[in-house]
Each structure stands twice: as structure tokens, then as C-alpha cells.
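Letter by letter, the chains look like this.
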Amino acid sequence: MDALDVNYLNELLEQDVEIREKIRDQVSDLDKKTRVMVGILNKIHSTSADALPPLLDSVRPILRSCQDTNAAIASLVPPNQFWRWKDMWSNSLRAAVYSAALVEYLSTGSLITLSQVSEVLGIKEEWADRFSIAVEDYLHGLISLVNELSRLAVNAVTLGDYEAPLRISVFVKDLFAGFSMLNLKNDTLRRRFDSLKYDLKKIEEVVYDVSLRKLADSTKNLVRR
């Protein structure tokens, strides 16, 4: 190996180090934002249904601020190097997906799609070869959503919202059915999917108790019929 080769390799190594450090700085910023959002959203377990809208409104500006950070990350990744660098931001994006999905569910009762969450986080299609939400990261975010909703089903009853567990049950069962049709080959993702059965069971136990005690209006109507 001659001196020219050594110098060239050193330049490549230095470029990699520089890119990694710059990406790490932006991912650190994204981490801070997702931690704030997760912290705020954790308050849903002690917040009544009529007080939820202001709480969700406090999260939306932080979600929108993630767009600038994501754009900065995308600008740092060289073309066609998405898979080389994606592990640096996967956990952060999963937390962002979870936050966006929980806000969407609590606002509309619906599931946020991959394209919708990409739009919310300001991730553009033309960045696909550099920075995007991998399907696995999107699914991890949805599993975290179900984990949180199983907690909410229990805590909502404590707060006197007996309809919430019924809505959560319908939503989670539909989502679980969708997951069941996926060909999950990623071991970590598969294990997390398997754990959803326990979340579903917890929710069903809450629904059974609410139905048995005729606490929810919908279950009272069923009894009258």
C-alpha cells in the first residue's frame, strides 16, 4: 500500500467520521423532541376525555418541529446510503411514529398510515434513498401504540370513561388482524408482535368487566335489546 492509497483511505475515513458526527447531533435533537412528546403523552393516563384536546394540541407543534430536524438529517446522508446509516435514527423515528399514531388515534379514533406519518414528520418521497421511515420502524411504532392503549384501557375506567375500552378493543383487534396477515421475518419485530396477544387479552378483560357491570352506555343498549 503506497502513500497515495493511505492518504485516500484516510480521507474516506475522516469523511465518514464527519458525517457520523453531524448525523448524531441531529438525531440527538430528534431524541430530545421525542422524549418530550412521550412525556406529555404519558399524561393521558391521568387526563379526563374532555381535557385531552389541549394536551394533544401541546404535542402537535413538537411533531411539526421534527420536520426541520428530519430535513437536516436527510441533507447529511449521501445519495443511496439509506441502509448504511439508518440504524442511527431508527429508534428515534419509532418514537416519533408512536407519538404521531397516538395523537391520531386519540383525535380521530383512526390508524395513521405510513404515508400520513411521513407527511406529519415532513419526510419527503425524494429522500427515499437517504432518509425515510422503514416499514419495520413504522410497525414498531404501531406496536408501541398498542402497548400504550392497553394501559389506557385500564386507566380510562379509573377516570370514569367506560366507553374508551370498547373503542380501544375494536381498534386493537382490527390492527392485530392486520399484523397477522403480514409476513414478519424480522425476529425482533416478530417477538414484539407476539407480545400483542397479552395486550389484547388485557383489553378484553377490561371490556368484559365493563360489560358485565353494564357500565358503558353501549353495553346497556345491548342489554335492553
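Structure's up top.
The model shown is predicted, which means the values in this text are computed figures rather than measured ones. (Residues numbered from 1 in each chain as written. Predicted model: local features only at pLDDT ≥ 70, side-chain atom pairs only at ≥ 80, totals over all residues. Heavy atoms only, no water.)

With respect to the overall build of the protein chain
Point 1. When you go through the protein chain residue by residue, the secondary structure sums to nine helices and zero strands.
Point 2. Seen in sequence order, the protein chain has helices and strands lined up from the N terminus as α-α-α-α-α-α-α-α-α.
Point 3. Projected onto its principal axes, the C-alpha coordinates of the protein chain cover approximately 85 × 35 × 25 Å.
Point 4. Within the span of the protein chain, comprising 225 residues, buried residues form 40% of the whole.
Point 5. Sequence-distant contacts, at least 24 apart, represent 77% of the contacts inside the protein chain between residues at least 6 apart.
Point 6. Accessible surface, the protein chain: about 12500 Å² in total, of which carbon and sulfur atoms supply 52%.
Point 7. Across the protein chain, the centroid of the 29 positively charged side chains sits 9 Å from that of the 32 negatively charged ones. (Helix = DSSP H or I, 4+ residues; strand = E, 2+ residues; numbered from the N terminus. Buried < 20%, exposed > 50% of the residue type's maximum accessible area, 1.4 Å probe, protein only. Contact = heavy atoms within 4.5 Å. Areas by Shrake-Rupley, 256 points an atom, 1.4 Å probe, with all protein chains shown as cover. Lys, Arg positive; Asp, Glu negative; His and termini not counted. Charge placed at Lys NZ, Arg CZ, Asp CG, Glu CD.)

Some thoughts on the nonpolar core
What tends to happen in soluble globular proteins is that the nonpolar side chains get buried as a cluster.
Point 1. Counting residues in each nonpolar core, the largest one holds 65 residues, and the members touching the most others are Trp89, Leu121, Leu149 and Phe179.
Point 2. Sorting the residues of this core by element identifies helix 1 (3-41), helix 2 (52-76), helix 3 (82-85), helix 4 (90-108), helix 6 (135-158), helix 7 (164-180) and helix 8 (187-212) as the ones contributing at least two each.
Point 3. Examining the composition of this core, we find that 10 residues originate from one element, helix 4, more than from any other. (Core = buried A, V, L, I, M, F, W, Y, C linked by side-chain atoms within 4.5 Å.)

Thoughts on the packing of aromatic side chains
For any pair of aromatic rings, the description consists of the separation of the ring centres together with the inter-plane angle of the planes.
Point 1. If you walk through the whole model with that rule in mind, you get seven aromatic pairs.
Point 2. Ring plane angle 15 degrees and centroid distance 5.8 Å describe the contact between Phe179 and Phe193, whose orientation is recorded as stacked. Residue Phe179 is located in helix 7, and its partner Phe193 is located in helix 8; the two are separated by 14 residues in the primary sequence. In this pair, the class of Phe179 matches that of Phe193, namely buried.
Point 3. These aromatic residues form a ring-pair network of at least three members: Phe82, Trp83, Trp89, Trp127 and Phe131. (Phe/Tyr/Trp six-rings, centres within 6.5 Å; stacked < 30°, edge-to-face > 60°.)

Quick notes on the layout of surface pockets
Point 1. A volume near 340 Å³ is recorded for the largest pocket.
Point 2. Forming the walls of the largest pocket are 20 residues, and the residues nearest its centre are Ala49, Leu52, Leu106, Asp161 and Arg167.
Point 3. Where the lining of the largest pocket is concerned, the elements lending two or more residues are helix 2, helix 4, helix 6 and helix 7.
Point 4. For the lining of the largest pocket, the element with the highest residue contribution is helix 2, accounting for five residues.
Point 5. Classifying every residue of the lining of the largest pocket by side-chain character gives 12 nonpolar, four polar and four charged. (1 Å grid on protein atoms, 1.4 Å probe; cavity = no way out; pocket = protein on both sides within 12 Å on 5 of 7 lines; lining within 4 Å. Points joined across faces, edges and corners; volume = space filled by probe spheres on them. Nonpolar A, V, L, I, M, F, W, Y, C, P; charged D, E, K, R; others polar.)

Describing the packing of helix 4 against helix 6
Point 1. Direction vectors running N to C along helix 4 and helix 6 enclose 50 degrees, while the axes themselves pass 8 Å from each other. Comparing their axes, helix 6 and helix 4 come out oblique. Here helix 4 runs over helix 6; the crossing is right-handed. On the side of helix 4, the interface is formed by Ser90, Arg94, Val97, Tyr98, Ala101, Leu102, Tyr105 and Leu106, while helix 6 contributes Asp137, Tyr138, His140, Gly141, Leu142, Ser144, Leu145, Glu148, Leu149 and Leu152. (Axes fitted to C-alpha atoms, helices over the stretch in contact; angles between N-to-C directions. Parallel < 35°, antiparallel > 145°, perpendicular 65-115°, else oblique. Left-handed = near helix turned anticlockwise from the far one by under 90°.)

Let's talk about the packing of helix 2 against helix 4
Point 1. Between helix 2 and helix 4, whose axes approach to 10 Å, the crossing angle comes to 145 degrees. The interaxial crossing formed by helix 2 with helix 4 has left-handed handedness. From helix 2, Leu52, Leu56, Val59, Arg60, Leu63 and Asn70 reach across to helix 4, where they touch Leu93, Ala96, Ala100, Val103, Leu106 and Ser107.
Point 2. Tallied by class, the residues present in the contact of helix 2 with helix 4 amount to nine nonpolar, two polar and one charged.

Focus on helix 6
Point 1. Taking 1.5 Å per residue as the helical rise, helix 6 with its 24 residues ought to reach 34 Å, and the 35 Å between its terminal C-alpha atoms agrees with that figure.
Point 2. Once helix 6 ends, the next one or two residues include Gly160, with phi positive near 90 degrees. (Expected span 1.5 Å × (residues − 1).)

Thoughts on the environment of Leu102
Point 1. Here Leu102 is to be found in helix 4.
Point 2. The exposure class assigned to Leu102 is buried, which follows from its relative accessible area of 0%.
Point 3. Between the C-alpha atom of Leu102 and that of Thr69, which follows or precedes it by 33 residues, the distance is 21 Å.
Point 4. In this structure, Leu102 is in contact with Leu41, Ile44, Leu145, Glu148 and Leu149, ignoring residues within four places of it in sequence.

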